[in-house]
Amino acid sequence: MLQIEIDSGSGFCFGVTTAIKKAEEELAAGEALYCLGDIVHNGMECERLRQMGLVTIDHEQMKQLHGVKVLLRAHGEPPETYELARRNDIEIIDATCPVVLQLQRRIKKQYGEGLNPQISNLKPQTSNLPPQIVIFGKRGHAEVLGLVGQTSGNAIVIENFDEAKRLDFTRDIYLYSQTTKSLDEFHRIIDYIQQHIATGATFRSFDTICRSVANRMPSITQFAARHDLILFVCGRKSSNGKVLFSECQRVNSNTHLIEGPEEIDPSWLEGISSVGICGATSTPKWLMEQCQEAIWSIVNKLTH
């Protein structure tokens, strides 16, 4: 008898849950509501909210709006977005994740102190150049754009360990991380910088990786190991989804990434006795349940 288990730890994180709840509340009140970018990196959840009336826009489209409500998703936005809203009399429904918001404030404060060392408690600069504020993250990702925006565009973004080698180790370095990056790779970068920072230069790192993602690594590893087949349900744009999917695949080579039940290949189920269904922090529970129902439907057709 085939066993199918949905990972109890998978599903929306706190930030995404809050953003979707705020959108649903506004829409239920009959208000017109725009969302700046996809509210979550999951196409099917975005479609569900679109049918409720949520209109997804980009930054160029926002410039044309006046006197409306715009929801800012969990990823956060740079200061310019808030200034645009003020100019265009747009009411902001701010669903920025508290973890991201705290990170933005820390980077903004650090950047201000770098420009004005006399107001900080930091030691004098080792050169006339301000310290390097470095963000371990994905270039162009909404969260990273919001973080870089706190530094007037001056932060350095590194996407991986190899890019850390190109930093200027004669200057002070303050290292932060996008909240959904790999904790292991972040620590590799820290170790490398510590080994190469010049005498007299300061290096400080700030562990800003969200534990709702990082803490899922051990549990999803165990989950992937105990099933014959893993279906990782996730929008292909999800950054944390890519990290978690890679971890599942590392542990269980018979792991497939799917966006929805229609992508399930019946041949995957041949000779399988257990299936594990899991997903990203942007994957709704209802979608994983639909995948479970689809598997049972396939099994019933094969046995009748």
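Here the structure is shown first, and the text comes after it.
Residues numbered from 1 in each chain as written. Predicted model: local features only at pLDDT ≥ 70, side-chain atom pairs only at ≥ 80, totals over all residues. Heavy atoms only, no water.

Observations concerning unusual backbone geometry
Defined as follows: Secondary structure is summarised from DSSP: a helix means a run of H or I of at least four residues, a strand means a run of E of at least two, and numbering begins at the N terminus for each. Per-residue accessibility, obtained with a 1.4 Å probe over protein chains only, is compared with the maximum for each type, and a residue is labelled buried under 20%, exposed over 50%, and partly exposed between these values.
Backbone geometry places D89, a non-glycine residue, at a positive phi of 55 degrees. Looking at the element boundaries, D89 is found in the loop between α4 (79–87) and β5 (91–94). In this structure D89 comes out as exposed when scored by relative accessible area, which is 59%. Here the phi dihedral of S152 falls at roughly 55 degrees; this positive angle occurs in a residue that is not glycine. Inspection of the secondary structure assignment puts S152 in the loop between α6 (142–149) and β7 (156–158). Overall, the relative accessible area of 58% leaves S152 in the exposed class.

Regarding α4
Spelled out, the test is: Here, the arc refers to the directions that run from the helix axis to the C-beta atoms. Contacts were defined at the residue level, with two residues in contact if any of their heavy atoms lie within 4.5 Å.
Among all positions in α4, only T81, L84 and A85 are buried. Taken end-on, α4 shows its buried residues confined to a sector of 100 degrees, consistent with a single buried face. Away from its buried face, by an angle of more than 90 degrees, α4 presents the exposed residues R86 and R87. Among the structural elements, β2 (33–36), α3 (59–62), β4 (69–72) and β5 are those in contact with the buried residues of α4. Immediately beyond the C-terminal end of α4, within one or two residues, lies D89, with a positive phi of roughly 55 degrees.

With respect to the packing of aromatic side chains
The condition that has to hold: Here a Phe, Tyr or Trp ring, Trp counted by its six-membered ring, pairs with any other such ring whose centre lies within 6.5 Å, and the pair is stacked when the planes are under 30 degrees apart, edge-to-face when over 60, and tilted otherwise. By definition, being over a ring means that NZ of Lys or CZ of Arg is both within 6 Å of the ring centre and within 35 degrees of the ring normal.
Scanning the entire structure with this criterion turns up five aromatic pairs. Look at F161 and Y192: their rings are 5.5 Å apart centre to centre, the planes differ by 80 degrees, and that puts the pair in the edge-to-face class. With F161 in helix α7 (residues 161–164) and Y192 in helix α8 (residues 183–196), the pair connects residues that are 31 residues apart, well separated along the chain. For the pair F161 and Y192, a shared accessibility class is recorded, and that class is buried. Geometrically, the ring pair formed by Y176 and F206 is stacked, given 4.6 Å between the ring centres and 10 degrees between the ring planes. Taken together, the residues Y176 in strand β8 (residues 173–177) and F206 in the loop between β9 (203–205) and α9 (211–214) connect sequence positions 30 residues apart. Of the two residues, Y176 and F206, neither departs from the other in class, the shared state being buried. Across the ring face of F161, the terminal group of R188 is positioned such that the distance to the ring centre comes to 3.9 Å.

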